[in-house]
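Secondary and tertiary structure notes
So you can see what is in the structure, the chains are spelled out below.
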Amino acid sequence: HDAPGLRRSGRGGRHVVSWRPGRAPTSSGLVAAGRMLPIGWLGRARMGGWLRRAPGSLRGLRHLALGSPAPIGRGYRPPHTDLTVTAEEHVDEERYYQLYPGHIPTSPLQKALLSAGAAFMALYNPYRHDMVAVLGETTGTSALQSLRDKMRHDPEGYQILQERPRIRLSTLDVTGLRGLPDGTFGREYVRFLDSNRVSPDTRMPVKFVDDEELAYVIQRYREVHDLMHTLLGMPTNMLGEIVVKWFEAVQTGLPMCILGAVFGPVRLNARKLQILTTELIPWAVRSGLNASCVLNFYYENRWEQTVESLREEIGILHPPTI
Amino acid sequence: SAKFTPLPKMAASIGAVVCRALHSRRHGKFLSIGRGLFSGARCLVAEGETHFGFQTVSETEKGEKVYHVFESVAKKYDIMNDSMSLGIHRLWKDILLHQMNPYPGTQLLDVAGGTGDIAFRFINYVRSQWEHQIRQKLKSHQNLSWQEISKSYQEEELKLPGGSQVVVCDINKEMLKVGKQKAQHLGYSEGLSWVVGNAEELPFNDSKFDVYTIAFGIRNVTHIDQALQEAYRVLKPGGRFLCLEFSQVNNPLFSRLYDLYSFQVIPVLGEIIAGDWKSYQYLVESIRHFPAQEEFKAMIEDAGFLKVEYRNLTSGIVAIHSGFKL
């Protein structure tokens, strides 16, 4: 059973995947909610996953591009928990390293190619929002880790990591929010969704992040993006998006935000560029520096709070009138 | 079944043997094992099951999954082909046509011809052959009057030369839709028809076509032997079967580079250009599962074709298999 060739019980089927949003936390302090696989396995998965995709690649190239290979001579010894995971259902070659639904394990070379290609495609065709998302995922590992640490050290952020709330139309009570008085966060958010004709369900699912907690962090960041529009008072046109990107770049440090903030204005005309540089960007940067981490607020509990008081609590300065 | 792994051949064989022991209660099809890494990936599929890339799925499931793959890639199919093969796929298809060498009047059936690449090339080839023939005729008939010459031009102008006909058959409606749009855009209309059909059960009578081609399609078919038998059925006696398909690379060094490129770069290109990683992951995996040149040649011979030959292109990345119904 431990024969190297039989490391995976490789038959077709669906891997019973880990990340279930909104599940109650386990008793241990770690965010193990939904993560059924031990860290050691995860570490090896990260190392060894792509090797299965690159058979017979040149050893030197493999070292450079694919990360240090697991020593082949020793073969693989599946840890005990593997048996419980794979026992009930057959595991695919493909999906063996799937850490959450929609996860696609990638090697460092693939990540580098994806980042370069996604950056190019996003600039070439600004309607490719999925490319922006991919760029964020492939380049954001260290920024996501620092974000996650910020969340862990804050009580509300920690609660979010435990409970894993998702903002979706199915979970939002839109009519209830619409009934709230004007000026409240919930009412303004729904107004934003209606007037810009956007929906919280259009966020791309995470694919290329190789850690399921970080995958949640980036998913939360994407879902909070619309809320940021509301709090900053920015519409979803190009100008508004750039301002929000500057704010997020300062707040999160994600390379994708920084690139978007720096290269986004390339497509604007001179007048908008002037407004941007003289008023909006300085305000966004100051707000970003002044505000505490925006991911540390449980927005779902704050629909009745007024926008003004929420802004003050977070530390966002009053938006200039465009 | 033992999955494809980068472990040495012996380990793969051991794994395969252990697999067989586990599966012994099901009498699985046992494909040849001793051929190296990829063979390890291809062994031991139980009955009623087949490969979808590196996954094992039931046979009905495979058909559906393949349909969905091509439905989602249809619009970007041609762009992706160009970027993945760096445009070389055009050369491959041109070589296929040269090998076919059709004369005006040939009836071609292009199965899995979706976006019409082979069909359009066929029409171009036949037209240029026809023009060549006319030029030859004119050279030998220098004493024809001008009225007679212009009359001969007018007669043949509208119809496809010599009554050649190409039927493009594909199981996937999206691919055919893209093909029809392309035909309209490029101005091909005569002698071209588009039919929805399954390669395993073609909606044509026996002995109807002179040439049957299937380019980059047969590896997606669930039962390749059935597709080959159908090909035999619809061909006229003297008809030719031509298959252009990805195959096994014979040079070991080049093979490693090719694998690196396939598995590292192609899904990334799929994600960036078409927004679809999984379909292109399926593509590169399905190439690994397809039988090698000799084995496929044996399968074609089993279907009844004679004088079966193959020709490697680009050192084995693709191969053209050819057989005759005699």
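Keep in mind it's a predicted model, so treat the numbers as computed, not measured.

Observations regarding the overall build of chain A
Within chain A one finds 14 helices and zero strands. The helix and strand sequence of chain A, counted from the amino end, reads α-α-α-α-α-α-α-α-α-α-α-α-α-α. The 322 residues of chain A split such that 53% are buried. In chain A, once contacts between residues fewer than 6 apart in sequence are set aside, the share between residues at least 24 apart is 73%. When the accessible surface of chain A is summed, it comes to about 14100 Å², and 59% of that surface belongs to carbon and sulfur atoms.

Section: the sheet that holds strand β7 (residues 235-246) of chain B
All names here are of chain B. Pairing is mixed across the open sheet formed by seven strands, whose spatial order is β5-β4-β3-β6-β7-β9-β8. What marks the edges here is a single partner per strand, and that holds for β5 (192-196) and β8 (306-313). Taken over all neighbouring pairs, the strand axes of this sheet differ in orientation by 15° on average, direction set aside. Seen against the sheet, helix α8 (residues 173-186) touches β4 (165-170) and β5 and runs at an angle of roughly 165° to β5. Running at roughly 145° to β7, helix α9 (residues 224-234) makes contact with β3 (107-111), β6 (209-215) and β7 of the sheet.

A short note on unusual backbone geometry
Residue and element names in this part refer to chain B. Residues other than glycine seldom take positive phi values, yet Leu-86 does so here, at roughly 55°. Mapped onto the fold, Leu-86 is located in the loop between α4 (77-85) and α5 (88-100). In this structure Leu-86 comes out as exposed when scored by relative accessible area, which is 66%. We note that Ser-207 has phi near 50°; this positive angle belongs to a residue other than glycine. Here Ser-207 shows up in the loop between β5 and β6. Residue classification places Ser-207 among the partly exposed positions, given a relative accessible area of 34%.

Describing the pairing of β6(B)
Among the seven residues that make up β6(B), seven are buried, leaving the element largely enclosed by the rest of the structure. Regarding topology, α9(B) serves as the crossover connection from β6(B) to the parallel β7(B), and that connection is right-handed.

Calculation rules
Residues numbered from 1 in each chain as written. Chains lettered and ligands numbered in written order. Predicted model: local features only at pLDDT ≥ 70, side-chain atom pairs only at ≥ 80, totals over all residues. Heavy atoms only, no water. Helix = DSSP H or I, 4+ residues; strand = E, 2+ residues; numbered from the N terminus. Buried < 20%, exposed > 50% of the residue type's maximum accessible area, 1.4 Å probe, protein only. Contact = heavy atoms within 4.5 Å. Areas by Shrake-Rupley, 256 points an atom, 1.4 Å probe, with all protein chains shown as cover. Pairing = 2+ DSSP bridges. Axes fitted to C-alpha atoms, helices over the stretch in contact; angles between N-to-C directions. Right-handed = clockwise from strand over helix to strand, strands pointing away.

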